[in-house]
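Working through the structure, step by step
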Amino acid sequence: MPKINGNEIRPGNILEHDGHLWSAVKVDHVKPGKGGAFAQVEMRNLRNGSKLNERFRSADKVERVRLEQKDQQFLYETDGRLVFMDTTTYDQVEIDADILGERRPFLQDGMMVKVEYYDDEPLSAEVPQKVTCKIVETEPVVKGQTAANSFKPALLDNGVRVMVPPFVGQDEDIIVNTETMEYSERA
């Protein structure tokens, strides 16, 4: 694994520090009036989610880790664990359901998910940015209600509540942005 200087750390970099894997969340380069410059790095532990603020001088060397990304197909859920299949080797992998966080409800059977691995350990999983869902409950469509910024609550088939425009009715398919958890467009 390549070592990089402390001043080369960028947000999104994966670092090995004190025997743990960390993702750099925020990096501030500080040049105090007295003494050498340093990078103040806010990091999040990839295994347990804890946060750490650390200072790295430009002379400090830190291990930069590259994660392997694999596209895997979601098969089913069993006992709080998600089962994915590698579509090239047909190997099945069980991953803890907490890895998806608040995006877990958007996971659908047969969906392709991007899973990041360090050696053979899955660290993170990403559902597609846009997912099609069906509205199961919302207020009825009112003709003539065309105000630009008016939205109404809607309950999706996966149990998530989103705000939708007034022209969208019950039992319609919509596309939801999984990053912002907001209505994107009609399907």
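Heads up: the structure comes first, above all this text.
Residues numbered from 1 in each chain as written. Predicted model: local features only at pLDDT ≥ 70, side-chain atom pairs only at ≥ 80, totals over all residues. Heavy atoms only, no water.

1. Considering the sheet that holds strand β5 (residues 51-57)
Across the sheet, which stays open at both edges, the six strands sit in the order β1-β6-β2-β3-β4-β5 with antiparallel pairing between neighbours. The open sheet has two edge strands with one neighbour each: β1 (3-5) and β5. Going across the sheet, the axis of each strand differs from the next one's by a mean of 45 degrees, ignoring polarity. Bridging between strand β2 (residues 14-17) and strand β3 (residues 20-30) involves four bridges; their strand directions are antiparallel. Bridging from a neighbouring strand, His 17 pairs with His 20 of β3. (Pairing = 2+ DSSP bridges. Helix = DSSP H or I, 4+ residues; strand = E, 2+ residues; numbered from the N terminus. Axes fitted to C-alpha atoms, helices over the stretch in contact; angles between N-to-C directions.)

2. Details of the nonpolar core
Core analysis: the biggest nonpolar cluster contains 26 residues, and Leu 107, Leu 156, Val 164 and Ile 174 have the highest contact counts within it. At the level of elements, β8 (81-86), β10 (112-118), β12 (130-138), β13 (152-156), β14 (161-164) and β15 (173-177) are the ones that each hand at least two residues to this core. Domain assignment of the residues forming this core places at least three in each of domain 2 (68-126) and domain 3 (130-186). Discounting chain neighbours no more than four positions away, the residues touching Leu 107 are Phe 74, Leu 82, Phe 84, Leu 100, Val 113 and Val 127. Counting eleven residues, the second largest nonpolar core, distinct from the first, contains Trp 22, Val 27, Phe 56 and Val 62. (Core = buried A, V, L, I, M, F, W, Y, C linked by side-chain atoms within 4.5 Å. Buried < 20%, exposed > 50% of the residue type's maximum accessible area, 1.4 Å probe, protein only. Domains from an automatic or database assignment. Contact = heavy atoms within 4.5 Å.)

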